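One-letter residues, chain by chain:
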Amino acid sequence: MREFTDAYLIHSMAYQETSVIARLFTQKFGKVSVIAKGVRKKNHRWRSLLNSFNPINVEIKPSAKSDGLALLYTVEQSGKATHFSDYLVTLSLFYINELIHILVPANQPDQKLYNTYINLLAGITLSNLSYKLRLFELALLESLGYGLHYEYDLNHEKIEPLSHYLVRPLSLPEKMPIDELDNQFVFKGQTLLELLSAGSHSRDEQFKNIKRITKLNIDHLLEEKVLELSLIHISEPTRQAEI
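Residues numbered from 1 in each chain as written. Predicted model: local features only at pLDDT ≥ 70, side-chain atom pairs only at ≥ 80, totals over all residues. Heavy atoms only, no water.

### Examining helix α1 (residues 87-103)
For α1, with 17 residues, the first-to-last C-alpha span of 24 Å sits near the 24 Å given by 1.5 Å per residue. All of the buried residues along α1 are V89, T90, S92, L93, I96, N97, L99, I100, H101 and L103. A distance of 2.9 Å separates the backbone nitrogen of L88 from a side-chain oxygen at the start of α1, and that oxygen is part of D86. (Helix = DSSP H or I, 4+ residues; strand = E, 2+ residues; numbered from the N terminus. Expected span 1.5 Å × (residues − 1). Buried < 20%, exposed > 50% of the residue type's maximum accessible area, 1.4 Å probe, protein only. Polar contact = N/O pair within 3.5 Å; in protein donor to acceptor, adjacent residues only side chain to side chain.)

Structural data, given as structure tokens:
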């Protein structure tokens, strides 16, 4: 059954002589992979639409298999195209696209994450670059089930404001003895309790803490995914795309 959805192109690769396999971040289906037949032909009408950061509305027929390719039937402009004149902003948005491409599970819609992506494209500037990137990273971690809501420690005891805790990736904090605090990821309990409180992003020191902890978690997720993809490549060297 064909369905329409708003979408953005996240990643693409050439397929056969004239086609493209495109990974779309869609409102209705989440991240999906589609085959755009003939789109690499010189005068194909979709060529100017299938570009990064360009809002489109697509008609697709989802694959019956969770790891299969959907068929792309129509592509239309759905809003004003966004252009970024600053190189650093553009590079940062490609970084966000790669996070979606690598980390977001396929075929699992998340309206909140999709809206966060739209707001990122609409509001990012060179002056608020770091702040906007952290907002998306936080939303991504939340979507993946690793939100930074530190209320309990590794032993399932409530975090004590005056105690110190070691933050490890994708895990609850571990309470630390007073003589083992020489680690950049040891934080005071009060800091963790207030990490995502109202106004925390506007406080320089707390914003630095958010940046360090999000980077710790996302770097770990990326390392796990790269390892997983490497193992798949080794075990299935001749696997072909399923259409």
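Let's pick the thread back up.
### Notes on the layout of surface pockets
Of the pockets and cavities examined, the second largest pocket occupies roughly 270 Å³. Going through the elements one at a time, α2 (111-123) and α3 (129-143) are the ones with two or more residues in the lining of the second largest pocket. (1 Å grid on protein atoms, 1.4 Å probe; cavity = no way out; pocket = protein on both sides within 12 Å on 5 of 7 lines; lining within 4 Å. Points joined across faces, edges and corners; volume = space filled by probe spheres on them.)

### Concerning the packing of α2 against α3
Packing of α2 against α3 leaves a shortest axis separation of 10 Å and a crossing angle of 170°. When the interaxial angle is binned, α2 and α3 end up roughly antiparallel. For the pair α2 and α3, contact is made by L113, T116, Y117, N119, L120 and G123 and by K132, L133, L135, F136, A139, L140 and S143, respectively. Split by residue class, the contact of α2 with α3 holds eight nonpolar, four polar and one charged. (Axes fitted to C-alpha atoms, helices over the stretch in contact; angles between N-to-C directions. Parallel < 35°, antiparallel > 145°, perpendicular 65-115°, else oblique. Contact = heavy atoms within 4.5 Å. Nonpolar A, V, L, I, M, F, W, Y, C, P; charged D, E, K, R; others polar.)

### Topic: a nonpolar patch on the surface
Side chains of Y87, L88, L91 and L126 sit close together on the surface and give an oily, nonpolar patch of about 430 Å² of accessible area. Looking at the secondary structure, you find L91 in helix α1. (Patch = residues over 30% accessible without salt bridge, like charges linked within 9 Å, V, L, I, M, F, W, Y side chains within 5 Å. Areas by Shrake-Rupley, 256 points an atom, 1.4 Å probe, with all protein chains shown as cover. Salt bridge = Lys/Arg side-chain N within 4 Å of Asp/Glu carboxyl O.)

### Some remarks on the sheet that holds strand β8 (residues 186-188)
Spatially, β7-β6-β8 is the arrangement adopted by the three strands of the open sheet, whose pairing is antiparallel. Two strands in the sheet have a free side with no partner beyond their single neighbour: β7 (174-176) and β8. Ignoring strand direction, the axes of neighbouring strands in this sheet form an average angle of 40°. The sheet contact formed by strand β6 (residues 164-166) and β8 spans three bridges and is antiparallel. The partner of L166 across the bridge, within β8, is V186. (Pairing = 2+ DSSP bridges.)

### Quick look at the confidence of the model for the protein chain
When the pLDDT values of the protein chain are averaged, the result is 87; 89% of them are 70 or greater. When the elements of the protein chain are averaged for pLDDT, helix α5 (residues 204-235) gives the smallest value, 80, and α2 the largest, 96. Low pLDDT, under 50, characterises residues 232-243; the predicted model gives this stretch eleven contacts beyond four residues in sequence or across chains. (pLDDT = per-residue confidence, 0-100.)

### Some points on the sheet that holds strand β4 (residues 56-61)
Strand order in the closed barrel made by the five strands is β1-β2-β3-β5-β4, with mixed pairing throughout. Adjacent strand axes in the sheet meet at a mean angle of 50° when their direction is disregarded. Of the pairings in the sheet, the one linking strand β1 (residues 3-15) to strand β2 (residues 19-26) comprises eight bridges and is antiparallel in character. Following the sheet pairing, H11 is matched in β2 by R23. On the sheet, α1 packs against β1, β2 and β3 (30-36) and is oriented at approximately 95° with respect to β1. Those strands touched by α2 are β1 and β2, and its axis lies near 70° from that of β1.

### Overview of the side chain of E59
Residue placement: E59 occurs in strand β4. Look at E59 and you get buried, because its relative accessible area is 11%. Not counting residues within four places of it along the chain, the set of residues in contact with E59 comprises R2, E3, F4, L71, L72, Y73 and T74.

### Considering the packing of α1 against α2
Contact geometry for α1 and α2: axes closest at 12 Å, N-to-C directions at 170°. The pairing of α1 with α2 is recorded here as roughly antiparallel in orientation. Contact residues: α1 offers L93, I96, N97 and I100, while α2 offers Y117, L120 and L121. Residue composition of the contact of α1 with α2, grouped by class: six nonpolar, one polar and no charged.

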